[in-house]
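Chain by chain, the residues:
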Amino acid sequence: MGIDIKSPEVEVRESRLGSITGFAGTAGELCDSYKKGKLCDRRRSFSQCLGCSSGNALCQLAMIQDAVVINHAPIGCCADFQDYNFTNRVGQRRRNMPLKNARLLNTNLQEKDMIYGGVFKLEKTVREAYKRFNPKAIFVTASCASGIIGDDVEGVTDKLQEELGIPVAYVSCEGFRSRIWTTGFDAAYHAILRKIVKPPVEKKSDVVNVINFWGSDIFTDLFGRIGLKPNYIVPFSNIEKLERISESAATVQVCPTLGTYLAAGLEQEYGVAEVKSPPPYGITGTDMWFRELGKAVGRESEVEELIKSEKHRIAPKLERLREKLEGKRVYVTAGAAHGHSLIALLRDLHMEVVGAAIFHHDPCYDDRNPESDSLGHVVRNYGDIENYDVCNKQPFELVNILNRLKPDLLVARHGGMSSWGPKLGIPTFLMGDEQFGLGYGGLINYGNKIIDVLATKEFVKNIACHCELPYTDWWLKQDPCTFLGGGCNGKND
Ligand code: SF4
């Protein structure tokens, strides 16, 4: 099934990709259950917290430099606005861009609006946003409240697009629509594909779209060495650039959990080749990613040269790091494909990955290509991973598992999860910049950082001595999967 950009709403990951949020077993068992058609979502009878698609849509759209985002929601739904503005300003500073606040508005839906409807408020807010900021486009992110009362957001955005003469796009990221909050990325990209991207006028054979979060710029150098230029999307781009992403020679993504929908949509609608490979973390994944990119843009020999010189450059440093890290036991908690990438990278540093809590699982991506299977790639090339849980940020499960496994190191991608490591006396490494571990140089970056973090052992032990966990012995002695129900035919399937 392809991507339907005529539909106002994105199809959620559960039905589009068969994604799940509950599993416990090994990584190999998870891959096999999909191949055998037996993958089932194990539901939790107790859940501490969840993310929301709206946040994932906002974190992409808020950093388009000349757009406005209107969150059509009660005021509580925009409690995370300051996070996007902070990331926006830090990123602007890093890129030597003028410092400007993200332009984010909320319609402040209240009880009365739940009865009479919120579309009048929305219309007023869109006109106000246009008058105040003169943006190049306006995105309207929906919420549980606007969805439940059935506000016709698509009708309003279409009407105001005609009136104002700029794209005004509905973003279908109502929190209740999907249990998989990365559906919010897809909703943001769906709106960009529908209302922003224009058909190509002139193809650019040396420009490659890079779908990324907001990490550091490593591609200008790497791509420059093979005669290519990166076009970073979506944060820190602008509407004019986004209109033209259909003209690029290819699209790469640092993480298919993030970019699967946009990359596949650009290939389907405008023939922009999507590079189909595991993400570029760890040696094998990076080799495959660059070779696929070389094929897509007709630069195979340049890519081979680049691979050779990068591997040669890092070889002595990598050897030294491996000697120091050999056999150290590490536990990973992260979003789906980025978690798989971290496992590959840590295995390449010769560390023992004793388990992982990965926020959800996409058994396939929108390109439906087995080459892109990031977890299958890890299992094939690095062996199976025991204690592999699909766990949508449930700290009670994480704490129980860490307490049992007692790893030497916890590697976390999200702040809320990393705080549990030191409380249990485990040195913990939190890395928000996804480009930090990317490519061959990323192995060295990670290895060096891990050595620094392992040196904090006594410090975190002291922290643990002064911490009282909110979990009692009763819970810590229970099976961590106590609240994870069975699938269709038993435990995982
Ligand atoms: S959209 Fe729904 S789930 Fe998301 S923050 Fe608002 S109320 Fe919560």
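In the nomenclature of an unreviewed UniProt entry, the protein chain corresponds to Nitrogenase component 1 from the organism Clostridium lapidicellarium.

A. Looking closely at the overall build of the protein chain. Scanning the protein chain from terminus to terminus reveals 22 helices and 14 strands. Taken over C-alpha atoms, the radius of gyration comes to 23 Å for the protein chain, in line with the 23 Å a tight globule of 493 residues would show. Judged by the C-alpha coordinates and their principal axes, the protein chain covers about 65 × 60 × 45 Å. Counting all 493 residues of the protein chain, 59% fall into the buried class.

B. Structural view of the sheet that holds strand β4 (residues 137-141). Pairing is parallel in the open sheet, where 4 strands are placed in the order β3-β2-β4-β5. In this open sheet, the two edge strands, each paired with only one partner strand, are β3 (104-106) and β5 (168-171). Neighbour-to-neighbour, the strand axes of the sheet open up by a mean angle of 20 degrees, direction not taken into account. As paired strands, β4 and β5 are joined by 4 bridges and run parallel to one another. Bridge pairing in β5 places Phe139 opposite Ala169. Strands in contact with helix α6 (residues 119-133) are β2 (67-71), β3, β4 and β5; relative to β2, the strand with the most contacts, it is inclined by about 155 degrees.

C. Region of interest: helix α13 (residues 283-297). In this model, α13 (15 residues) spans 21 Å end to end at C-alpha, consistent with the 21 Å of a helix rising 1.5 Å per residue. Looking at α13, one finds that the buried residues are Ile283, Gly285, Thr286, Asp287, Trp289, Phe290, Leu293, Gly294 and Val297. The first or second residue beyond α13 is Gly298, which carries a positive phi of 70 degrees.

D. Looking closely at the domain arrangement of the protein chain. Segmenting the protein chain into domains produces domain 1 (51-178) and domain 2 (204-301). For domain 1 and domain 2, the distance between their C-alpha centroids amounts to 27 Å. Every contact between the two is made by 17 residues of domain 1 and, on the other side, 13 residues of domain 2. Across the interface of domain 1 and domain 2, roughly 1200 Å² is buried in total on both sides, 67% from carbon and sulfur atoms.

E. Highlighting helix α9 (residues 183-195). For α9, built from 13 residues, the straight-helix expectation of 18 Å at 1.5 Å per residue is met to within 8% by its first-to-last C-alpha distance of 18 Å. Counting buried positions along α9 yields 12 of 13 residues, so the element is predominantly enclosed. Within the span of α9, buried status applies to Thr183, Gly184, Phe185, Asp186, Ala187, Ala188, Tyr189, His190, Ala191, Ile192, Leu193 and Lys195.

F. Region of the structure containing the state of the cysteines. Taken as a whole, this structure holds 0 disulfides when the rule is applied. Looking at the unpaired Cys59, the closest cysteine sulfur is the one in Cys173, lying at 11 Å.

G. Examining unusual backbone geometry more closely. Between Ile233 and the following residue, Val234, the backbone shows a cis peptide bond with an omega angle of 10 degrees. Even without being a glycine, Phe236 presents a positive backbone phi close to 70 degrees. Its relative accessible area of 9% is what places Phe236 among the buried residues. Even without being a glycine, Arg368 presents a positive backbone phi close to 55 degrees. Within the fold, Arg368 resides in the loop between β11 (352-358) and α16 (374-382).

H. Empty space enclosed by the protein, seen in detail. Taken as a whole and judged by the stated rule, the model has 4 cavities of 30 Å³ or more. Taken together, 13 residues form the lining of the largest cavity, with Gln253, Pro256, Val275, Ser277 and Ser372 sitting closest to its centre. Across the lining of the largest cavity, the residue classes break down as 6 nonpolar, 4 polar and 3 charged. Its volume calculated, the second largest cavity comes out at about 50 Å³. Looking at the lining of the second largest cavity, its residues break down into 4 nonpolar, 4 polar and 2 charged.

I. Spotlight on the packing of helix α2 (residues 27-35) against α16. The contact between α2 and α16 brings their axes to 10 Å, and the two run at 125 degrees. One finds that α2 runs oblique with respect to α16. Once α2 is placed against α16, the crossing between them reads as left-handed. On the side of α2, the interface is formed by Ala27, Gly28, Leu30 and Cys31, while α16 contributes Leu375, Gly376 and Val379. Classifying every residue of the contact of α2 with α16 gives 5 nonpolar, 2 polar and no charged.

J. Here's a closer look at the layout of surface pockets. Estimated volume of the largest pocket: approximately 980 Å³. As for the largest pocket, its lining consists of 36 residues, and the residues nearest its centre are Cys59, Tyr84, Trp214, Lys393 and His414. Looking at the lining of the largest pocket, the elements that each hand over two or more residues are α3 (53-61), α4 (81-94), α15 (336-348) and α18 (415-418). In terms of residue count, the dominant contributor to the lining of the largest pocket is α4 (7 residues). The residue makeup of the lining of the largest pocket includes at least three contributed by each of domain 1 (51-178) and domain 2 (204-301).

Criteria and cut-off values
- Residues numbered from 1 in each chain as written.
- Predicted model: local features only at pLDDT ≥ 70, side-chain atom pairs only at ≥ 80, totals over all residues.
- Heavy atoms only, no water.
- Helix = DSSP H or I, 4+ residues; strand = E, 2+ residues; numbered from the N terminus.
- Rg over C-alpha atoms; globule rule 2.2 N^0.38 Å.
- Buried < 20%, exposed > 50% of the residue type's maximum accessible area, 1.4 Å probe, protein only.
- Pairing = 2+ DSSP bridges.
- Axes fitted to C-alpha atoms, helices over the stretch in contact; angles between N-to-C directions.
- Contact = heavy atoms within 4.5 Å.
- Expected span 1.5 Å × (residues − 1).
- Domains from an automatic or database assignment.
- Buried area = accessible area lost by both parts, 1.4 Å probe.
- Disulfide = S-S within 2.5 Å.
- 1 Å grid on protein atoms, 1.4 Å probe; cavity = no way out; pocket = protein on both sides within 12 Å on 5 of 7 lines; lining within 4 Å.
- Points joined across faces, edges and corners; volume = space filled by probe spheres on them.
- Nonpolar A, V, L, I, M, F, W, Y, C, P; charged D, E, K, R; others polar.
- Parallel < 35°, antiparallel > 145°, perpendicular 65-115°, else oblique.
- Left-handed = near helix turned anticlockwise from the far one by under 90°.

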